[in-house]
Structures are given as C-alpha cells and as structure tokens.
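Below are the chains, spelled out letter by letter.
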Amino acid sequence: MRAVITATGSYLPRRVVSNEALIAQYHLDSNDEWIRTRSGIVQRYIAAEGEATSHLATEAARAAMARAGVFADGIDGVVVGTSTPDTTMPSVATKVQAALGIKHGAALDVMAACTGFIAALATAHGLIQTGMCKRILVIGAETMTRILDFTDRGTCILFGDGAGAVILEAMPEEKANGRGILATTLEADGSFGPLLGTNGGTSSTQTAGAMFMQGQEVFRHGVEKMASTTREAVGKAGLELSEVDWLVAHQANGRMIASIARQLKLDESRCIVTVDKHANTSAASIPLALDVAVKDGRIKPGNIVAMPALGAGLTWGCCVVKW
Ligand code: COA
C-alpha cells in the first residue's frame with residue numbers, strides 16, 4: 001500500500017502585519033531593512049483574538065477536503081503537528097475532528113516544534129502502512145504569536161500564525177503508479193534543547209511560556225542538519241539530488257533556505273519560498289508552502305518534492321514524495 005498526498009489546503013488569519021507595523025506596535029529597536037536582509041521576512045499573519053490553533057487547522061482541513069471532494073465520513077484519521085494547542089488537552093486534532101463532523105477514526109497531536117508537520121506525516125504514513133487508517137488529514141497548525149516575547153527583537157520578528165493541511169490516502173501500488181511518500185527521515189538530539197524553546201509549560205510553570213532562541217547557533221544547525229537529512233532521505237528513496245524537482249524546506253529564514261540549496265547543489269529556482277509572506281509558522285510552514293506551490297502550478301503530478309525541517313529539540317527530518 002502506498003501513502004499518496006491527494007490534496008492540499010491552507011488557511012491564514014485575516015490580519016497581515018508588516019515589519020514596520022510590528023516594530024511600531026511593540027516599540028522595537030529594529031527596522032524593516034534589517035528584518036528583510038537577515039531573515040527574508042516582509043510580513044506575517046496574526047490570528048485574531050479568540051481565533052485558536054484549531055480554528056486555523058479546521059479551515060485548512062476544510063480547504064483540502066473541498067479540493068479532494070472528500071466528506072467527513074471519508075476521513076478516518078486526523079494528525080496535527082503543533083506546539084501551540086488551544087488547550088493542554090484535549091488535542092487540536094480532536095477539536096478539528098469535532099468541528100468537521102468526523103465521527104470515527106484516530107485523532108492525535110504530534111509535538112516536534114518546527115519539524116511537527118514532517119513528524120505528523122511520518123506518523124500518518126505509519127497508520128496507513130499498518131492498515132489502521134485509509135484517509136488521513138495531516139495538518140500543521142500554529143499560533144506562534146501567542147508564545148512570543150515581544151520585548152525580544154531577535155525572535156518576535158520571525159514568527160507568524162497559519163495552518164496547512166494535506167490528505168494522505170492509502171492507495172494500492174497499481175493505482176498509485178509510483179506516487180506517494182518514498183522515504184522519510186526523523187532525527188533528534190535533545191542535548192540541543194537549550195538553544196531554542198519556551199521558558200515555561202504545563203507541568204513546570206502552568207503557563208505556555210515565551211520563546212527564547214540562540215539565533216546564530218540554530219541557523220548553523222538548521223543549514224547543516226536540513227541539508228544532511230535531505231541527502232539521506234533522497235538516498236533512501238533511491239534517488240539522486242539532481243532528481244529533486246522542488247525543495248520545500250521549513251520556512252524559517254530565506255538565507256537559511258538558500259544555504260541549504262547551495263549545499264545540496266540545487267538551483268535556488270527549485271526552492272519554494274514563502275517565508276517573505278508567512279514568516280516562520282513552525283509546523284505550518286511546509287504545508288502552507290506546499291499549498292501555494294500546488295495552487296500556482298509549480299508542483300505537478302510526477303514531481304519529486306523534498307521537505308526538510310528542523311525545530312526545537314533539536315528535532316529534524318525530511319520527507320521525500322513523488323507528487
Ligand atoms: N533588529 C535589529 N537588530 C537586531 C534584531 C532586530 N530585530 N535582532 C537582533 N539584532 C541585532 C543583534 O542584537 C546583534 O547586535 P550586536 O551585534 O550589537 O549584538 C546584531 O543584530 C546581529 O545579530 P545576530 O543574531 O548575529 O544576527 P544574525 O545575522 O544571526 O540574524 C537571526 C539573526 C535571528 C535572523 C538569525 O540568526 C536566524 O534566522 N536564526 C535562525 C532562526 C530560526 O530560524 N529559528 C527557528 C528555527 S526552527
């Protein structure tokens with residue numbers, strides 16, 4: 001049985017905030033030029049008051065289901081990658097399930113920070129391969145702006161809110177015709193925990209905490225590990241790097257994506273870049289970028305798409321898909 005992505009969908013909050021507007025609102029000692037040149041970010045979307053991660057996730061899922069022509073009774077699994085759930089429990093996935101009227105199947109969240117969507121996809125792939133599920137909504141959804149420290153100019157300018165979803169479907173080899181997930185890598189090294197995280201959480205401070213990051217160190221690990229894990233996943237898929245049509249890397253920083261592409265000797269024209277418009281939406285960044293590139297016709301059936309990510313943990317991994 002193959003696991004094939006049959007549709008994508010996404011959702012962004014209505015409010016768009018430019019670099020200048022963010023700087024003005026939080027009285028940041030920064031400027032548009034610095035943010036653009038260091039990160040490639042021009043704007044971010046910020047969820048409205050009362051708009052929680054499950055709302056964004058539900059809308060992204062609705063969009064993917066509409067594209068696939070699938071109804072609630074055709075979904076038997078919801079896996080959400082997120083680090084910013086509405087509540088500590090129940091999960092975002094169960095809230096999405098309820099909002100969409102899905103009455104059966106599995107629903108769970110996967111927490112791997114910015115690697116969340118790749119970890120969710122790997123989990124869903126496993127559920128399909130073991131025969132537990134047939135058609136799964138795999139979602140990356142975040143309200144990162146809820147855990148930002150707006151006095152820390154080094155981090156608060158980098159993140160935004162949003163959600164992206166795909167439908168991952170079990171398909172017999174004959175019908176899949178080579179399409180589907182070809183290989184996945186997932187890795188972690190918890191000793192790098194102090195580089196990136198929040199200063200609180202449910203069982204420590206009884207709050208969500210606020211983000212901290214050692215930007216330069218994370219940047220270095222991001223380039224090195226996303227490049228190496230892409231190399232490994234592409235090799236596992238039995239392919240050469242030159243056969244990759246699209247690199248849809250975690251959208252953390254435009255310079256980081258360009259460095260990864262250089263290391264992999266992939267032309268920058270083969271990188272999907274949305275960090276300028278969406279900023280870093282953590283687990284939502286890859287499915288948001290996928291949806292953009294599928295809708296504008298760049299990602300076409302038969303294309304090889306490599307999706308590396310790195311996030312707090314550190315966690316990292318890459319999924320290689322034949323579209
Ligand atoms: N505006 C203006 N200046 C800023 C600033 C801001 N928003 N944020 C930091 N600076 C300053 C720093 O204080 C520092 O000043 P100093 O030299 O006087 O101390 C200077 O700019 C350079 O800071 P540095 O951290 O070396 O910049 P950088 O080129 O490494 O870029 C990041 C900073 C955060 C953009 C970059 O490190 C990065 O993108 N890191 C990875 C972040 C990431 O992707 N994290 C998530 C991964 S999942």
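Structure: see above.
Reading guide: rules and limits
- Residues numbered from 1 in each chain as written.
- Predicted model: local features only at pLDDT ≥ 70, side-chain atom pairs only at ≥ 80, totals over all residues.
- Heavy atoms only, no water.
- Pairing = 2+ DSSP bridges.
- Helix = DSSP H or I, 4+ residues; strand = E, 2+ residues; numbered from the N terminus.
- Contact = heavy atoms within 4.5 Å.
- Axes fitted to C-alpha atoms, helices over the stretch in contact; angles between N-to-C directions.
- Buried < 20%, exposed > 50% of the residue type's maximum accessible area, 1.4 Å probe, protein only.
- Near = heavy atom within 4 Å.
- Polar contact = N/O pair within 3.5 Å; in protein donor to acceptor, adjacent residues only side chain to side chain.
- Areas by Shrake-Rupley, 256 points an atom, 1.4 Å probe, with all protein chains shown as cover.
- Nonpolar A, V, L, I, M, F, W, Y, C, P; charged D, E, K, R; others polar.
- Parallel < 35°, antiparallel > 145°, perpendicular 65-115°, else oblique.
- Left-handed = near helix turned anticlockwise from the far one by under 90°.
- Phe/Tyr/Trp six-rings, centres within 6.5 Å; stacked < 30°, edge-to-face > 60°.
- Lys NZ or Arg CZ within 6 Å of the ring centre and 35° of its normal.
- Salt bridge = Lys/Arg side-chain N within 4 Å of Asp/Glu carboxyl O.
- Core = buried A, V, L, I, M, F, W, Y, C linked by side-chain atoms within 4.5 Å.

How would you sum up the sheet that holds strand β13 (residues 315-322)? Please name residues and give values.
Pairing is mixed in the open sheet, where 4 strands are placed in the order β8-β13-β12-β11. With partners counted over all chains shown, the strands left at the sheet margins are β8 (180-188) and β11 (246-247), one partner each. In this fold helix α5 (residues 116-129) packs onto β8, β12 (304-311) and β13, with an angle of close to 125 degrees to the strand it touches most, β8.

Break down the environment of W316 for me, with residues and values.
With respect to the helices and strands, W316 occurs in strand β13. W316 gets classed as buried once you look at its relative accessible area, which sits at 8%. Placed 231 residues apart in sequence, W316 and P85 show a C-alpha to C-alpha distance of 21 Å. When residues no more than four places from it in sequence are discounted, the contact partners of W316 are T115, T185, L186, E187, A188, D189, K225, T229, A309 and L310.

Tell me about helix α11 (residues 285-295), and please be specific about residues and values.
Most of α11 sits inside the fold, with 9 of its 11 residues counted as buried. Among the residues of α11, those classed as buried are S285, I286, P287, L288, A289, L290, D291, A293 and V294. Just downstream of α11, G297 is the residue with a positive phi angle, here 85 degrees.

A description of the site of the ligand should follow, citing residues and the corresponding values.
As a structural note, the neighbourhood of the ligand is formed by 21 residues, with S30, R38, G215, Q216 and N253 the closest of them. For the ligand, a nitrogen atom lies 2.9 Å from a polar atom in the backbone of R153. In the complex, the protein chains occlude 73% of the 960 Å² of accessible area that the ligand would expose alone. By residue number, the principal contributor to the shell around the ligand is helix α8 (residues 215-236), which donates 4 residues. Of the residues belonging to the shell around the ligand, the class tally is 10 nonpolar, 7 polar and 4 charged.

Outline the packing of α8 against helix α9 (residues 254-263), listing residues and values.
For the pair α8 and α9, the least separation of the axes is 9 Å and the interaxial angle reads 40 degrees. As the angle between them shows, α8 and α9 are arranged oblique. Where α8 crosses over α9, the handedness of that crossing is right-handed. Of the residues in α9, those in contact with V218, F219, G222, V223, M226, A227 and R231 of α8 are R255, M256, S259, I260 and Q263. A class-by-class count of the residues in the contact of α8 with α9 yields 7 nonpolar, 3 polar and 2 charged.

Can you explain the packing of aromatic side chains? Please cite residues and give values.
A complete count under the given rule lists 1 aromatic pair for this structure. With a centroid separation of 3.9 Å and 10 degrees between ring planes, the pair formed by Y26 and F150 is classed as stacked. Pair noted here: Y26 is in helix α1 (residues 19-26) and F150 is in the loop between β6 (135-143) and α6 (153-156), with a separation of 124 residues, a long-range link. F150 gets classed as buried once you look at its relative accessible area, which sits at 16%. When the ring centre of W316 is taken as reference, the NZ or CZ atom of K225 above it lies at 5.2 Å.

Tell me what's going on with the pairing of strand β3 (residues 43-46), and back it up with residues and numbers.
Neither face of β3 is exposed, since Q43 and Y45 on one face and R44 and I46 on the opposite face are all buried. Both strand β2 (residues 15-18) and β3 contribute to a ladder of 4 bridges, which runs antiparallel. Residue pairing for β3: V17 is matched across the bridge by R44.

Give me the pattern of salt bridges: which residues, what numbers.
Under the counting rule described, the total for this entry stands at 11 salt bridges. In this structure, E59 and R62 form a salt bridge, with 3.4 Å as the shortest nitrogen-oxygen distance. With E59 and R62 both in helix α3 (residues 53-68), this residue pair falls 3 residues apart, about one helical turn. Note that K225 and E224 form a salt bridge whose closest N and O atoms lie 3.5 Å from each other.

Please set out the side chain of T274 residue by residue, giving values where relevant.
Mapped onto the secondary structure, T274 falls in the loop between α9 and α10 (275-278). Excluding residues that lie within four positions of it along the chain, T274 makes contacts with Q251, A279, A289 and V292.

Please set out the nonpolar core residue by residue, giving values where relevant.
One finds L22, I157, M211, L247, I260, L264 and V320 to be the most contacted residues of the largest nonpolar core, which totals 46 residues. Those elements that provide at least two residues to this core are α1, α8, α9, β12 and β13. If one sorts the elements of this core by residue count, α8 sits on top with 6 residues. Those residues in contact with I157 that lie beyond four places of it in its chain are L22, L28, W34, I35, I41 and R44. Within the second largest apolar cluster, 34 residues are counted, among which are V79, A112, A120 and L168.

Please set out unusual backbone geometry residue by residue, giving values where relevant.
Omega for the peptide link from M89 to P90 comes to -5 degrees, which places this bond in the cis form. Positionally, P90 belongs in the loop between β4 (77-81) and α4 (92-100). The omega angle of the peptide bond from G313 to L314 is -10 degrees, so this bond is cis rather than trans. With respect to the helices and strands, L314 occurs in the loop between β12 and β13. Phi is positive for Q206, which is not a glycine, with a value near 60 degrees. By the element assignment, Q206 lies in the loop between β9 (196-198) and β10 (211-213). In this model, S282 sits at a positive phi of 50 degrees, which is unusual for a non-glycine residue. For S282, the position within the fold is in the loop between α10 and α11. The exposure class assigned to S282 is buried, which follows from its relative accessible area of 2%.

Shape is all these values report; function is a separate question.
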